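A closer look at the structure
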Amino acid sequence: MMKHPMNLLARLFGKRDTAALYRPPQVFLTNTLSGKKEIFVSRKPGLALLYSCGPTVYGPAHIGNLRAYVFSDTIARTLTAAGYRVRRVINITDVGHLVGDGDRGEDKMAVGAAREHVTPEEIATRYTKLFIEDISDLSIDTDDITFPRATEYLKEQIALAKTLEEKGFAYRLPDGLYFDTEKFPGYGKLGGIHGVKLEAGARVEVVKGKRHPADFVLWRTAKPHDLQQWDSPWGRGNPGWHIECSAMIRALLGQEIDIHTGGEDHINIHHNNEIAQSEAANGRTFVHYWMHNAFLTMQGEKASKSLGNVVYLSDVVKKGFHPLALRYFFLQAQYRTPLSFSWDALAGAASALDRLWKLSRDIASESKRVAVPSEARERFLAVMRDDLATPQALSILWDSLRSEDYAPEEKWGLLEDAEAHLGLSLTSAPAFNAVSAEEMPEEMRDMLARREAARAARDFTEADRLRGEIEQKGYRIDDGSEGPVLTRVTL
Ligand code: AMP
Ligand code: ZN
């Protein structure tokens with residue numbers, strides 16, 4: 001392994017002075033606040049505080065949600081590789097907020113509890129576990145992340161709401177305690193909406209007494225059928241959704257943090273509301289870099305359960321794909337580019353990753369895993385540090401690994417860096433298992449025979465179509481001198 005620059009400095013000068021001495025390389029990130037690419041400068045030298053809005057654990061996270069976590073993981077990996085210590089928090093929303101950003105609708109945790117005939121707590125435990133398993137399968141190091149549950153931070157949420165009320169930023173209604181957006185100058189600064197869209201948008205609420213359509217609930221008065229409710233200075237009730245992130249960030253990372261991420265759907269309402277609450281209560285800048293990922297769509301449509309086009313990681317695995325094929329698929333697009341999912345596109349990503357793994361195994365043996373720097377590595381680092389340009393990074397990786405211009409040790413060095421940034425198991429490529437004739441599923445044997453027949457008849461279009469179908473089932477075909485060999489990625 002190549003030496004981490006901070007470790008080298010720590011050896012030379014002792015741990016205490018290392019952070020002050022280390023000048024990290026420049027990393028550029030697009031900040032939604034300015035709408036521009038900016039040089040990243042952390043508040044404390046050598047330390048980056050990173051918060052990502054987490055899932056509501058009333059069901060499994062779909063692959064669109066997973067894109068959001070691979071995105072924040074790519075930020076963390078890039079900053080870590082640039083020498084920062086990154087402190088990460090992803091919250092777990094286990095309080096029943098209402099479906100949608102607004103103040104009306106159905107309680108998601110109650111929906112989950114009714115669906116599975118268990119308590120909201122059991123639903124939360126079940127899907128928190130699944131979420132952490134899913135993101136681990138995508139090579140996100142969950143030991144490095146704090147996952148606070150909203151129900152464990154009620155005291156902090158109540159304290160924050162109380163501060164806002166004491167400072168005159170909130171008013172009471174029979175429905176609950178509301179944030180008064182007109183008292184907060186600059187409300188809506190994220191995404192440059194300044195309340196315009198909020199007034200004209202579809203989320204105009206009809207809560208009686210609300211002073212402005214953009215005002216939002218900090219604490220909601222309990223309804224008799226509410227399964228989750230707690231005592232508060234405003235009576236029994238439950239916290240508003242936005243207050244959870246503000247309160248947990250303050251408790252775990254402090255009043256001022258470096259980076260806050262989420263999907264672009266959160267810009268207008270959720271994140272503007274987080275800014276309003278935190279800056280009104282703390283009297284200082286809340287987040288220095290707001291970063292948002294574009295959406296994953298399902299063949300151009302928004303993923304939604306009612307359209308029946310939601311895909312989970314379990315579906316990906318059931319179809320025989322390695323979970324990292326999904327990560328590779330995400331990385332083929334820069335995080336600010338919308339990405340359209342299809343099973344064919346995933347099969348393409350799976351087959352590319354498979355070939356990359358094969359290349360990596362060959363290079364591992366040729367280089368004996370000795371890494372040396374190269375100009376290819378510099379180019380790779382430069383594009384990753386330029387707003388996480390993962391498609392360019394992948395293309396540098398491919399070109400360099402296939403090029404004759406680099407020694408195996410240089411290629412191995414590049415693979416180590418690529419692994420640190422991309423998390424695709426590039427330096428420990430999974431093994432493939434050859435599938436013997438006896439263990440071959442009937443369906444696969446049949447497809448293989450049909451492909452052989454098509455090849456014999458020189459119908460290469462049909463042969464390629466069948467190859468695609470076989471690959472989609474999680475197998476790879478190598479046409480050897482003894483006939484086709486079928487291999488399967490070990491999951
Ligand atoms: P939610 O549980 O709805 O708050 O979503 C969790 C995270 O996934 C948030 O950061 C959302 O913005 C993000 N997200 C939701 N749907 C998608 C999607 N289709 N593509 C990308 N990110 C998404
Ligand atoms: Zn949030």
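Along every chain, residues carry numbers that run from 1 in the direction the sequence is written. Written order determines the labels here, with chains lettered from A and ligands numbered from 1. With the structure being a predicted model, the display of local features is reserved for residues of pLDDT at least 70 and the display and counting of side-chain atom pairs for 80 or more, all residues being used for whole-chain, interface and lining totals. Heavy atoms from the whole structure form the basis of all side-chain values; hydrogens and water molecules are not counted.

Here we look at the pairing of strand E7 (residues 176-179)
Convention followed: Each pair of strands is called paired provided DSSP finds at least two bridges between the two strands. Elements are defined by DSSP. Helices are runs of H or I of four residues or more, strands are runs of E of two residues or more, and each kind is numbered from the N terminus.
By the bridge criterion, four bridges tie strand E6 (residues 170-173) to E7 in an arrangement that is antiparallel. Paired with Arg-172 across the two strands is Leu-177, which belongs to E7. In this sheet, strand E8 (residues 216-221) lies alongside E7 in antiparallel orientation, the contact comprising four bridges. The residue of E8 that forms the bridge with Tyr-178 is Val-217.

Description of the pattern of salt bridges
Worth spelling out the cut-off: When a carboxyl oxygen of Asp or Glu is within 4 Å of a side-chain nitrogen of Lys or Arg, the pair counts as a salt bridge. The classification of residues rests on relative accessible area computed with a 1.4 Å probe and restricted to protein chains. Under 20% of the type maximum is buried, over 50% is exposed, and intermediate values are partly exposed.
Under the criterion given, the structure shown has 28 salt bridges. Residue Lys-129 is joined to Glu-133 by a salt bridge in which the shortest nitrogen-to-oxygen separation is 3.0 Å. Here Lys-129 pairs with Glu-133, and both are found in helix H5 (residues 120-137), just four residues apart, close to one helical turn. A relative accessible area of 36% means that Glu-133 is categorised as partly exposed. With a shortest N-O distance of 3.5 Å, Asp-446 and Arg-450 are connected by a salt bridge. Linking Asp-446 with Arg-450, this pair stays in helix H16 (residues 442-456), spanning four residues, or about one helical turn. For Asp-446, a relative accessible area of 40% gives the class partly exposed. Members of the salt-bridge network, linked through shared partners, are Asp-73, Arg-77, Arg-88 and Arg-327.

Re the sheet that holds strand E9 (residues 237-239)
Worth spelling out the cut-off: Each axis is a line fitted through C-alpha atoms, taken for helices only over the stretch in contact, and angles between the N-to-C directions span 0 to 180 degrees.
Pairing in this open sheet of four strands is antiparallel, and the strands run E6-E7-E8-E9 from one edge to the other. In this open sheet, the two edge strands, each paired with only one partner strand, are E6 and E9. Shown here is a sheet whose adjacent strand axes are inclined to one another by a mean of 25 degrees, direction ignored.

Focus: the site of ligand 1
Using the following cut-off: One heavy atom within 4 Å of a molecule or strand is enough for the residue carrying it to be called near that molecule or strand. The definition of a polar contact used here is a pair of N or O atoms within 3.5 Å, where within protein one atom must be able to donate a hydrogen and the other to accept one, and adjacent residues in sequence count solely through side-chain atom pairs. Throughout, the Shrake-Rupley method with a 1.4 Å probe supplies accessible areas, and for residues the shown protein chains are the sole cover considered. Charged means Asp, Glu, Lys or Arg here, nonpolar means Ala, Val, Leu, Ile, Met, Phe, Trp, Tyr, Cys or Pro, and polar covers whatever is left, Gly included.
Near ligand 1 you find 15 residues, and of these Gly-64, Asn-65, Gly-263, Asp-265 and Leu-296 are the closest. In the environment of ligand 1, an oxygen atom lies 3.2 Å from a nitrogen or oxygen atom belonging to the side chain of Asn-65. Contact between ligand 1 and Gly-263: an oxygen atom at 2.9 Å from a main-chain N or O atom of the residue. Look at ligand 1: alone it shows 480 Å² of surface, and the protein chains cover 89% of it. Elements with a minimum of two residues in the shell around ligand 1: helix H3 (63-81) and strand E10 (257-263). For the shell around ligand 1, the element with the highest residue contribution is H3, accounting for four residues. When its residues are assigned to classes, the shell around ligand 1 shows six nonpolar, eight polar and one charged.

Some points on the coordination of the zinc ion (ligand 2)
Our working definition: Coordinating donors are taken as N, O and S atoms within 2.8 Å of the metal, stretched to 3.2 Å for Na, K and Ca; because water is absent from the atoms, sites can appear incomplete. In this scheme the shape depends on donor count and angles: four donors with every angle between 85 and 135 degrees give tetrahedral, four or six donors with opposite pairs above 155 degrees and others between 65 and 115 give square planar or octahedral in turn, and any other case is irregular.
Binding of the zinc ion (ligand 2) to the protein goes through Cys-53 (SG), Cys-245 (SG), His-270 (NE2) and Glu-274 (OE), at separations of 2.1 to 2.4 Å. Considering all four donor atoms around the zinc ion (ligand 2), angles at the metal cover 79 to 133 degrees and the coordination shape is irregular. Binding-site remark: the zinc ion (ligand 2) is held by donors from one chain whose sequence spacing is C-x191-C-x24-H-x3-E. Here Glu-274 lies in helix H9 (residues 267-282) and Cys-245 lies in helix H8 (residues 241-252), a separation of 29 residues in the sequence. Grouping residues by exposure puts Cys-245 and Glu-274 together as buried.

Quick notes on the environment of Asn-91
What counts here: The contact criterion used is simple: two residues touch if any of their non-hydrogen atoms lie within 4.5 Å.
Tracing the backbone through its elements, the reader meets Asn-91 in the loop between strand E4 (85-90) and helix H4 (108-116). With relative accessibility at 1%, the residue Asn-91 sits in the buried group. Those residues within four positions of Asn-91 in sequence are excluded, and the remaining contacts are Tyr-51, Ser-52, Cys-53, Gly-54, Pro-55, Pro-148, Glu-244, Cys-245 and Met-248. Among the polar contacts listed, one links the side chain of Asn-91 to the side chain of Thr-93, at a separation of 3.3 Å. In this structure the side chain of Asn-91 is engaged in a polar contact, spanning 2.7 Å, whose partner is the side chain of Glu-244.

So, helix H13 (residues 375-384)
Going by this rule: Of all possible arcs, the one meant is that of the directions from the helix axis to the C-beta atoms.
Among the residues of H13, those classed as buried are Ala-376, Arg-377, Phe-380, Leu-381, Val-383 and Met-384. Viewed along the axis of H13, the buried residues span an arc of 165 degrees, placing them on a single side of the element. Backbone nitrogen of Ala-376 and a side-chain oxygen of the N-cap are separated by 3.4 Å at the start of H13; the cap is Ser-374.

Topic: helix H6 (residues 154-166)
Test applied: Helix span, expected: 1.5 Å multiplied by one less than the number of residues in the helix.
The terminal C-alpha atoms of H6, which comprises 13 residues, lie 18 Å apart, in line with the 18 Å expected from a rise of 1.5 Å per residue. All of the buried residues in H6 are Leu-154, Gln-157, Ile-158, Leu-160, Ala-161 and Leu-164. Take H6 and look down its axis: the buried residues cluster within an arc of 160 degrees, on one side only. Exposed positions of H6 whose direction lies more than 90 degrees from the buried face are Lys-155 and Glu-166.

What about the confidence of the model for the protein chain?
Note the threshold: Per-residue confidence from the predictor is reported as pLDDT, a score between 0 and 100.
Residues at a pLDDT of 70 or more form 88% of the protein chain, whose mean pLDDT is 89. Long-range and interchain partners of residues 99-103, a stretch whose pLDDT sits below 50, account for 20 contacts in this model, where long-range means more than four residues apart.

As for the packing of H4 against H5
For any two helices packed against each other, the geometry comes down to the angle between their axes and how far apart the axes lie. What counts is decided by this rule: Reported orientations rely on four angle classes, namely roughly parallel under 35 degrees, roughly antiparallel over 145, roughly perpendicular from 65 to 115, and oblique for the rest.
The N-to-C vectors of H4 and H5 enclose an angle of 90 degrees; their axes lie 8 Å apart at closest approach. Overall, the two elements H4 and H5 adopt an arrangement that is roughly perpendicular. Listed contacts from H5 to Met-109, Gly-112, Ala-113, Arg-115 and Glu-116 of H4 are Pro-120, Ile-123, Ala-124, Arg-126 and Tyr-127. Partitioning the contact of H4 with H5 into residue classes produces six nonpolar, one polar and three charged.

Side note on the sheet that holds strand E3 (residues 47-52)
Pairing within the open sheet is parallel, and its five strands lie in the order E5-E4-E3-E10-E11. In the strand order of this sheet, the two ends are held by strand E5 (145-146) and strand E11 (287-293), each with one partner. Bridge count for E10 against E11 is six bridges, and the pairing is parallel. If you follow Gly-262 over to E11, its bridge partner there is His-292.

With respect to the packing of aromatic side chains
Selection criterion: Note on aromatic contacts: the rings of Phe and Tyr and the six-membered ring of Trp form a pair at centre separations within 6.5 Å, being stacked when their planes are under 30 degrees apart, edge-to-face when over 60 apart, and tilted otherwise.
Summed over all chains, the structure comprises 14 aromatic pairs. Consider the rings of Phe-71 and Tyr-335, whose centres lie 4.5 Å apart with planes at 20 degrees: the pair is stacked. With a gap of 264 residues between them, Phe-71 in helix H3 and Tyr-335 in the loop between helix H11 (323-331) and strand E13 (339-341) connect regions that are remote in the sequence. Assessed through its relative accessible area of 4%, Phe-71 is described here as buried. Looking at Tyr-335, the relative accessible area reads 6%, which means it is buried. Geometrically, the ring pair formed by Phe-131 and Phe-147 is edge-to-face, given 6.4 Å between the ring centres and 85 degrees between the ring planes. In this pair, Phe-131 sits in helix H5 while Phe-147 sits in the loop between E5 and H6, placing the two residues 16 residues apart along the sequence. With relative accessibility at 17%, the residue Phe-147 sits in the buried group. Within the aromatic cluster, the residues linked to one another by ring pairs are Phe-321, Phe-329, Phe-330, Phe-341 and Trp-343.

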